[in-house]
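This is what each chain is made of:
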Amino acid sequence: MIRAGVIGASGLAGGDLIRLIAQHPELELTFLGGSSHVGRRPAELHPGLRLDFGLTVQPVTEQVAEQVDVLFLATPAPVSAELAALLADRVPALIDLSGAFRIRTPQLHARWYPQVDRRTELADRFVYGVPELVADQLPGAALISLPGCYATSMTLALAPLLLELGLDLTTVVVDGKSGSSGGGLSLRTTDLHPLRNGAIAPYAPTSHRHAGEVRDFFERSKPGTIGSLAMSAYGVSHVRGLMTSNYVYAEVDTTQRDLHRAYTRFYKGKHFVRVRRHDETLLPVPDPQAVLGSNYCDVTVLYDEENRRIVALAALDNLVKGAAGQAVQAANLRFGLPEQTGLTMQPVMPA
């Protein structure tokens with residue numbers, strides 16, 4: 001068995017990690033770490049968990065390295081930066097779910113994460129990216145930084161255009177919508193039910209840091225290029241679920257059929273990316289509610305011939321494929337397991 005630890009065990013992503021590790025045939029939960037809920041059991045923190053792991057949340061020290069083979073950091077970015085500096089050379093595999101090490105370029109990192117003081121040489125050692133795009137870099141990797149939930153959706157939506165077709169995208173405009181769980185458990189007035197329910201709140205109408213990490217990743221992943229990438233982000237009244245609509249302008253002669261074929265070809269054999277036709281089901285897809293509870297990302301590509309515009313849509317569960325599920329998927333590949341191991345759950349709909 002592979003011994004697994006979760007730091008940030010009381011948060012939403014931490015709770016989903018505990019849930020997924022509990023049903024994983026090759027992972028054994030051996031450590032829970034945190035600071036504000038020391039001594040509490042998982043079932044006290046996460047009402048959906050009624051399992052007795054024989055564990056309580058413990059303070060994090062260097063000794064955690066003796067208890068785990070893989071350590072998941074479901075912690076805020078400043079905390080992840082500190083923990084990585086402490087544990088990077090002690091734990092066999094460290095997988096960070098925060099933004100501390102997502103952006104490789106120091107200047108870009110400083111712009112989007114000015115409060116995160118990290119060691120540049122440590123950042124250079126992290127493997128970044130969704131597993132579908134960097135699977136060859138994950139086996140045996142010591143340090144893995146997972147993309148943000150929006151970034152995962154955007155990257156999977158755009159990757160076939162850049163990495164398969166090698167297009168130079170003149171302009172990309174992204175419209176992102178996320179449920180309230182994307183903001184974690186921090187108490188904010190804007191997230192109170194009377195204000196959040198039924199809302200479409202433009203909380204980042206002109207820019208979002210996940211766009212920065214997507215651009216940083218693709219600039220290091222030729223052949224295609226992005227000239228301009230602009231993003232607006234909205235909070236909606238769902239709890240789980242996220243979708244990005246990626247509007248792409250490029251000097252290219254193509255058709256709807258050619259684009260769909262390119263996406264299907266690029267994601268052939270990629271278990272967790274489902275390339276779908278917009279009208280293949282009773283409900284137009286992709287739609288976040290069609291992937292809730294699963295590690296799938298549904299992707300649809302459309303061509304607006306009149307305006308010479310490519311529309312790439314991607315939907316996922318922000319706590320699973322956008323966080324905990326993708327973390328387990330990366331761990332599977334890191335330890336040489338089939339990437340679907342422990343992640344075979346199908347979406348729950350309606351939810």
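Everything numeric here is computed off the predicted structure, so don't read it as measured data.

**Q** Which residues make up the pattern of salt bridges, and what are the values?
**A** Taken as a whole and assessed by the stated rule, the structure comprises 20 salt bridges. Across the salt bridge formed by R220 and D216, the nearest N and O atoms sit 3.3 Å from each other. Overall, the relative accessible area of 38% leaves R220 in the partly exposed class. Note that D317 and R240 form a salt bridge whose closest N and O atoms lie 3.1 Å from each other. Of the two residues, D317 sits in the loop between β13 (309-316) and α11 (320-334) while R240 sits in the loop between β9 (225-236) and β10 (242-250), which places them 77 residues apart along the sequence. Classification of D317 as buried rests on a relative accessible area of 0%. Salt bridges sharing partners connect three or more residues here, namely D16, R19, R240 and D317.

**Q** Summarise unusual backbone geometry; cite the residues concerned and give the values.
**A** Note that the residue after V285, namely P286, is joined by a cis bond; omega there is 5°. Of note, the amide linkage connecting M349 to P350 takes the cis form, showing an omega dihedral of 0°. Within the secondary structure, P350 is located in the segment after α11. Here R308, not a glycine, exhibits a phi torsion of approximately 50°, which is positive. In this fold, R308 is placed in the loop between β12 (297-304) and β13.

**Q** Lay out the sheet that holds strand β11 (residues 273-275) in plain terms, naming residues and giving numbers.
**A** With mixed pairing, the seven strands of this open sheet are ordered in space as β8-β9-β7-β10-β13-β12-β11. Looking along the sheet, the strands with just one partner apiece sit at the ends: β8 (200-204) and β11. Put simply, the sheet's adjacent strands are angled 25° from each other on average, direction ignored. Packed onto the sheet, helix α10 (residues 256-266) meets β11, β12 and β13 and runs at close to 155° relative to β12.

**Q** Help me get a handle on the pairing of strand β2 (residues 27-33), residues and values and all.
**A** As a general feature of sheets, a regular strand has side chains that alternate between the two faces. Burial runs high along β2: six of the seven residues are buried. The sheet contact formed by strand β1 (residues 2-7) and β2 spans six bridges and is parallel. Looking at the pairing, V6 lines up with L32 of β2. Each parallel crossover has a hand, and the one from β1 via helix α1 (residues 12-22) to β2 is right-handed.

**Q** Outline the packing of helix α7 (residues 149-164) against helix α9 (residues 209-219), listing residues and values.
**A** Closest axis-to-axis distance for the α7/α9 pair is 9 Å, and the angle between their directions is 35°. α9 is crossed by α7, and the crossing has right-handed handedness. Residues C149, Y150, A151, M154, T155, L158, A159, L162 and L163 of α7 form the contact with α9, whose participating residues are H210, A211, E213, V214, F217 and F218. Looking at the contact of α7 with α9, its residues break down into 12 nonpolar, two polar and one charged.

**Q** So what about the side chain of Q329? Which residues, and what values?
**A** Here Q329 lies in helix α11. Classification of Q329 as buried rests on a relative accessible area of 0%. Side-chain polar atoms of Q329 contact the side chain of E132, separated by 3.0 Å. Within the local environment of Q329, its side chain forms a polar contact with the side chain of K321, the two groups lying 2.9 Å apart. What Q329 contacts, discounting residues up to four positions off in sequence, is P131, E132, F272, N295, K321, E339 and L343.

**Q** Got a sec to walk through the pairing of β10? Specific residues and values, please.
**A** In terms of burial, β10 is largely enclosed, as seven of its nine residues are buried. Pairing of strand β7 (residues 168-178) with β10 involves nine bridges; the strand directions are antiparallel. Bridged to V174 within β10 is N246. Relative to β13, β10 runs antiparallel, the two being bridged by eight bridges.

Thresholds, definitions, all that
- Residues numbered from 1 in each chain as written.
- Predicted model: local features only at pLDDT ≥ 70, side-chain atom pairs only at ≥ 80, totals over all residues.
- Heavy atoms only, no water.
- Salt bridge = Lys/Arg side-chain N within 4 Å of Asp/Glu carboxyl O.
- Buried < 20%, exposed > 50% of the residue type's maximum accessible area, 1.4 Å probe, protein only.
- Helix = DSSP H or I, 4+ residues; strand = E, 2+ residues; numbered from the N terminus.
- Pairing = 2+ DSSP bridges.
- Axes fitted to C-alpha atoms, helices over the stretch in contact; angles between N-to-C directions.
- Contact = heavy atoms within 4.5 Å.
- Right-handed = clockwise from strand over helix to strand, strands pointing away.
- Left-handed = near helix turned anticlockwise from the far one by under 90°.
- Nonpolar A, V, L, I, M, F, W, Y, C, P; charged D, E, K, R; others polar.
- Polar contact = N/O pair within 3.5 Å; in protein donor to acceptor, adjacent residues only side chain to side chain.

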